[in-house]
Amino acid sequence: MAEYSDSSQKQTLSEELQCSICLDAFTDPVSTPCGHNFCKSCLNQCWNNSQTYNCPLCKETFNKKPELKINTALRQLVQKTSEKDKADCIELFADLMRCIERCQSELLKMMEQKQKAAEKQAEELINDLEQEITELKRRDAELEQILHTEDHLHLLQIYPELSKPPHIRSWTHVSISDTQLSVETLRKTLTQLHDKQELRLTKTVLKRMQQNTVDVTLDPDTAYSKLILSDDRKQVTYGATVQKLPANPKRFDSCCSVLAKEGFNSGKFYFEVQVKGKTDWDLGVARESVNRKGTITGSPVNGYWIIVLRNGSQYKARESPTVSLSLKVKPQVVGVFVDYEEGLVSFYDVESSSLIYSFTGQTFSEKVFPYFSPGTTNEGKNAAPLIILNVKNNM
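Structure report, in brief. (Residues numbered from 1 in each chain as written. Predicted model: local features only at pLDDT ≥ 70, side-chain atom pairs only at ≥ 80, totals over all residues. Heavy atoms only, no water.)

## A closer look at the packing of aromatic side chains
The geometry of an aromatic ring pair is captured by the separation of the ring centres together with the interplanar angle, meaning the angle of the planes. Selection criterion: Each Phe, Tyr or Trp ring, with Trp reduced to its six-membered ring, pairs with another whose centre is within 6.5 Å; inter-plane angles below 30 degrees give stacked pairs, above 60 give edge-to-face pairs, and intermediate values give tilted ones. Under the scheme used here, helices are H or I runs from DSSP no shorter than 4 residues and strands are E runs no shorter than 2 residues, and both carry numbers assigned from the N terminus. Burial here depends on accessible area, computed with a 1.4 Å probe over protein chains only, as a share of the maximum for the residue type. Under 20% is buried, over 50% is exposed, and the range in between is partly exposed.
Taken as a whole, this structure holds 11 aromatic pairs when the rule is applied. Both rings, one in Tyr 304 and one in Tyr 371, keep their centres 5.4 Å apart while their planes meet at 75 degrees; by these two values the pair is edge-to-face. One end of the pair, Tyr 304, is in strand β10 (residues 304-310); the other, Tyr 371, is in strand β16 (residues 368-373), with 67 residues separating them in the sequence. Take Tyr 304 and Tyr 371: they sit in the same class, and that class is buried. One aromatic cluster is present, built from ring pairs that chain together Trp 47, Tyr 53 and Phe 62.

This is the structure we're talking about:
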């Protein structure tokens, strides 16, 4: 397992392998005289029909158009962060195919078992029917013989026995078992398959998101006056008394909230927070210009992209209107991922590698900051802190 420092190095390496023009992995990377790297086609497009040649990153001007030669070492490195991606995808789909084949095999086996059971039942019914037919034929023969007898005394003696109806089984409700799988059985099997593959997929996605881990610390200048921050600015708890703090326009004055010191206005970033032992909390991100005074309504329209826990079991996404979340397990660690350009904010249960909720199709136009609220202590039931963790992953 790699500690945060390794994740940070991987994030830095990933950023170095991205073209700052197209914000994607390099394609035929070339280097400018000032030492910056770009996709060859991206740089040529910037310089097309231009009388001057500037570096798109540092703006250094070159006297003449530089001769662009592909940086083979960098290209090989990029082809290696892409071959790994391909290998992961191939492994994922191979596992999916294996799982589908196992599912198919189990379904066929189940159908064969039901077929054999139905055939056995049919054989038993046929035997019973044949026995009844034999008995009826025997009785019919007896009646035919008696019909022609002239021994009336004998007829009267056997009449009570003849008047009894023959013992014949009622076949009204008899049916052969359905050999076809029921829709419910098939749906259950496919659901199990879907859940298994979804778990594997989210594990893979979560590992990739963890590569975008950033170092997050709490900003004391924004903290509500009853919040207590740890010395390393990684934990926040709700205190019993109001602290005497300097007035600050950035400070929340009514809600027990605090922002991170670090804000982001591009790219992707990820952080994890331990919420173990808590009955109430708010987590997510907020834009820099959010209202921090008085009563606050957390929603995207007000600049907040957050999920919350209330009363120990009520999970909600603060959409407009609020969306109730049904979670199979109670998260102990929540991972928050933001893709600024894509307008995506996703929340994950890290231990189960499951997606909790995603805000999609959002538009960010200013810095966004990680947002935290530990909630009040709730008579000691919610005294545990929110803890920003050092992310571990095995990528």
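## A short note on the sheet that holds β16
Here is the rule we go by: Two strands pair under a simple rule: DSSP has to find at least two bridges between them.
In spatial order, the strands read β7-β16-β9-β10-β11-β12; together these six strands make up an open sheet with antiparallel pairing. Of all strands in the sheet, those bounded by a partner on one side alone are β7 (258-259) and β12 (323-325). For strand β9 (residues 281-287) and β16, the ladder comprises six bridges, and the chain directions are antiparallel. Among the inter-strand pairings, Asp 282 is bridged to a residue of β16, identified as Ser 373.

## With respect to the pairing of strand β11 (residues 314-317)
The two faces of a sheet get side chains in turn, since along a regular strand they alternate between them. Here β11 shows one buried face, formed by Tyr 315 and Ala 317, and one open face, formed by Gln 314 and Lys 316. When β10 meets β11, the two strands line up antiparallel, connected through four bridges. Considered in β11, the bridge of Val 308 is made with Lys 316. In this structure, the hairpin formed by β11 and β12 is closed by a connection of five residues.

## Re the sheet that holds strand β13 (residues 333-339)
Rules: Working convention: axes come from line fits to C-alpha atoms, limited for helices to the stretch in contact. Angles between N-to-C directions cover 0 to 180 degrees.
Here we have seven strands laid out as an open sheet, ordered β5-β6-β17-β8-β13-β14-β15, and antiparallel in their pairing. Single-partner strands in this sheet number two, and they are β5 (227-229) and β15 (354-359). Each strand of the sheet is rotated relative to its neighbour by a mean of 20 degrees, with strand direction disregarded. Strand direction decides the pairing type here: strand β8 (residues 268-274) and β13, joined by seven bridges, are antiparallel.

## Brief notes about helix α2 (residues 40-47)
For clarity, the cut-off: By arc we mean the arc of the directions from the helix axis to the C-beta atoms, nothing more. Throughout, a contact is declared for two residues whenever any of their heavy atoms are within 4.5 Å.
Buried within α2 are the following residues: Cys 42, Leu 43 and Trp 47. Projection of α2 onto a plane perpendicular to its axis shows the buried side chains occupying an angular sector of 130 degrees, all on one side. Each element contacted by the buried residues of α2 is listed here: β1 (29-31), β2 (37-39), β3 (53-54) and β4 (61-62).

## Quick word on the pattern of salt bridges
Threshold: We define a salt bridge as a side-chain nitrogen of Lys or Arg found within 4 Å of a carboxyl oxygen belonging to Asp or Glu.
A full pass over the atoms with the stated rule returns four salt bridges. Between Lys 234 and Asp 215 there is a salt bridge; the shortest N-O distance is 2.7 Å. Here the residue Lys 234 occupies a position in the loop between β5 and β6 (235-238), and Asp 215 occupies one in the loop between α6 (183-210) and β5, the gap between them amounting to 19 residues. Overall, the relative accessible area of 12% leaves Lys 234 in the buried class. Under the relative-accessibility criterion, Asp 215 is labelled partly exposed at 39%. Note that Asp 219 and Lys 261 form a salt bridge whose closest N and O atoms lie 3.8 Å from each other. Within this pair, whereas Asp 219 is found in the loop between α6 and β5, its partner Lys 261 is found in the loop between β7 and β8, the two being separated by 42 residues in sequence. According to the relative accessible area criterion, Asp 219 is buried, its value standing at 4%.

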